[in-house]
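# Fold and geometry: a report
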Amino acid sequence: MPSAPFHPGAQGTPGGYAGQQAPGGSFAHGGAPVPGVPMEFTACRFCGSVPAVNTTFRGHRGLLVLMQFLSTEGPFCRDCGLGVFRHMTTRTLVQGWYGYASMIITPVTVVINLIRRGKVARLTPPQPHPYLPSRQPMDPGPRLAQRPMTWIGVGIPVALVILIIAIASSGS
Ligand SMILES: [Zn+2]
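Here's what I pulled together on the structure shown here. All values reported here derive from a predicted model rather than from experimental measurement. (Residues numbered from 1 in each chain as written. Predicted model: local features only at pLDDT ≥ 70, side-chain atom pairs only at ≥ 80, totals over all residues.)

### Notes on the overall build of the chain
Under the convention used in this document: Only DSSP runs of H or I covering at least 4 residues are called helices, and only runs of E covering at least 2 are called strands; the numbering of each starts at the N terminus. As a rule, residues whose C-beta atom has 12 or fewer other C-beta atoms within 10 Å are exposed, those with 20 or more are buried, and those in between are partly exposed; C-beta atoms are placed from the backbone. We call two residues in contact if the C-beta atoms placed from their backbones are at most 7 Å apart.
Helix and strand counts for the chain stand at three helices and two strands. Starting at the N terminus and ending at the C terminus, the chain contains elements arranged as β-β-α-α-α. Here the chain holds 172 residues, and the buried ones make up 31% of them. Summarising the internal contacts of the chain: among those between residues at least 6 apart in sequence, 71% fall at separations of at least 24.

See below:
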């Protein structure tokens, strides 16, 4: 492997994601330390881009007495991190509410994700990794406020509370 210094954008193609058409598409390094690669180049576990930060986004699903705790660990680049944050958070808002404990766990999960979102949102735009193969980052998709599922999810606990009050008052 030639030891040419890394020049961002010097590979001739805008963005320079040379790994996009790599045969086999293997990007198995997954952010694990690789011998000879400086630690400041923590790579995104999904696309291999830099910079990336270590954080974990959580999800919750309430199923009356059962519940399911979901999590996706980094490191994430900015775009993949926002994509995972948005996916996990909308899913939690829609699927999280159905159970007594879940009524508490769901908002806590959403707040934790919102706090951790800042870590990935503050990163600079993802760049190809200087030493390892990387591909185009995930499309983070529309913002939470622009997803109908977010608003359906936020409306569910309100509807549940109204339903419980209606049932309780009709029985008295
Ligand atoms: Zn990424």
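Anyway, onward from the coordinates.
### Looking at the packing of helix α1 (residues 78-95) against helix α3 (residues 148-170)
What counts is decided by this rule: Axis angles are defined between N-to-C directions and span 0 to 180 degrees, where every axis is a line fitted to C-alpha atoms and, for a helix, only to the segment in contact. Note on convention: the crossing is left-handed when the near helix lies turned anticlockwise from the far helix by less than a right angle, right-handed when the turn is clockwise. Under the grouping applied here, Gly and all other residues not named as nonpolar or charged are polar, the nonpolar ones being Ala, Val, Leu, Ile, Met, Phe, Trp, Tyr, Cys and Pro and the charged ones Asp, Glu, Lys and Arg.
At their nearest, the axes of α1 and α3 sit 7 Å apart, and the two run at 35° to each other. Crossing handedness for the pair α1 and α3: left-handed. In contact with Thr90, Leu93 and Val94 of α1, α3 contributes Met149, Thr150, Ile152, Gly153 and Val154. Its residues placed into classes, the contact of α1 with α3 shows five nonpolar, three polar and no charged.

### Digging into helix α2 (residues 100-121)
To keep it simple, the criterion reads: Expected span, for any helix, means 1.5 Å times one less than how many residues it has.
For α2, which comprises 22 residues, the first-to-last C-alpha distance of 33 Å matches the rise-based estimate of 32 Å (1.5 Å per residue) to within 8%. Listed in full, the buried residues belonging to α2 are Ser102, Ile105, Thr106, Thr109, Val110, Asn113 and Val120. In this structure, the buried side of α2 is in contact with β1 (56-63), β2 (66-73) and α1.

### Considering the packing of α1 against α2
Quick note on the threshold: By definition in this entry, angles of less than 35 degrees are roughly parallel, angles greater than 145 are roughly antiparallel, angles of 65 to 115 are roughly perpendicular, and the rest are oblique.
At a minimum axis separation of 10 Å, α1 and α2 run at an interaxial angle of 170°. Compared by their axis directions, α1 and α2 come out roughly antiparallel. Along the contact surface, α1 presents Arg78, Gly81, Leu82, Phe85, Met88, Thr89, Thr92 and Leu93, while α2 presents Thr106, Thr109, Val110, Asn113, Arg117, Val120 and Ala121. Of the residues belonging to the contact of α1 with α2, the class tally is seven nonpolar, six polar and two charged.

### Observations concerning the environment of valine 50
Its location among the elements puts valine 50 in the segment before β1. Overall, the presence of 22 C-beta atoms within 10 Å leaves valine 50 in the buried class. Sequence separation between valine 50 and proline 130 is 80 residues; the distance between their C-alpha atoms is 8.4 Å.

### Some details on the pairing of β1
Heads up, the condition is: For two strands to be treated as a pair, DSSP must find no fewer than two bridges joining them.
By the bridge criterion, eight bridges tie β1 to β2 in an arrangement that is antiparallel. Pairing of threonine 56 across the sheet is with glutamate 73, part of β2. In this antiparallel pair of consecutive strands, β1 and β2, the connection spans two residues, and leucine 64 shows a positive phi of 55°.

### Overview of the environment of histidine 87
Its place among the elements puts histidine 87 in helix α1. A sequence separation of 28 residues divides histidine 87 from glycine 59, and the C-alpha atoms of the two residues are 9.1 Å apart.

### Considerations on unusual backbone geometry
Look at the link from valine 50 to proline 51: it is a cis peptide, with omega at -10°. Structurally, the position occupied by proline 51 is in the segment before β1. With an omega of 0°, the peptide bond running from glycine 74 to proline 75 counts as cis. Tracing the sequence through the fold places proline 75 in the loop between β2 and α1. The backbone phi angle of leucine 64 is positive, close to 55°, even though this residue is not glycine.

### Some thoughts on the nonpolar core
Across soluble globular proteins, you tend to see nonpolar side chains buried next to one another. Selection rule: Structurally, a nonpolar core is described as a collection of buried Ala, Val, Leu, Ile, Met, Phe, Trp, Tyr and Cys residues joined by way of C-beta atoms within 7 Å.
Residues Cys44, Phe76, Cys77 and Cys80 are the most contacted members of the largest nonpolar core, which totals 16 residues. If near-sequence neighbours (up to four positions away) are discounted, cysteine 80 is found in contact with Cys44, Phe46, Cys47, Pro137 and Met138.

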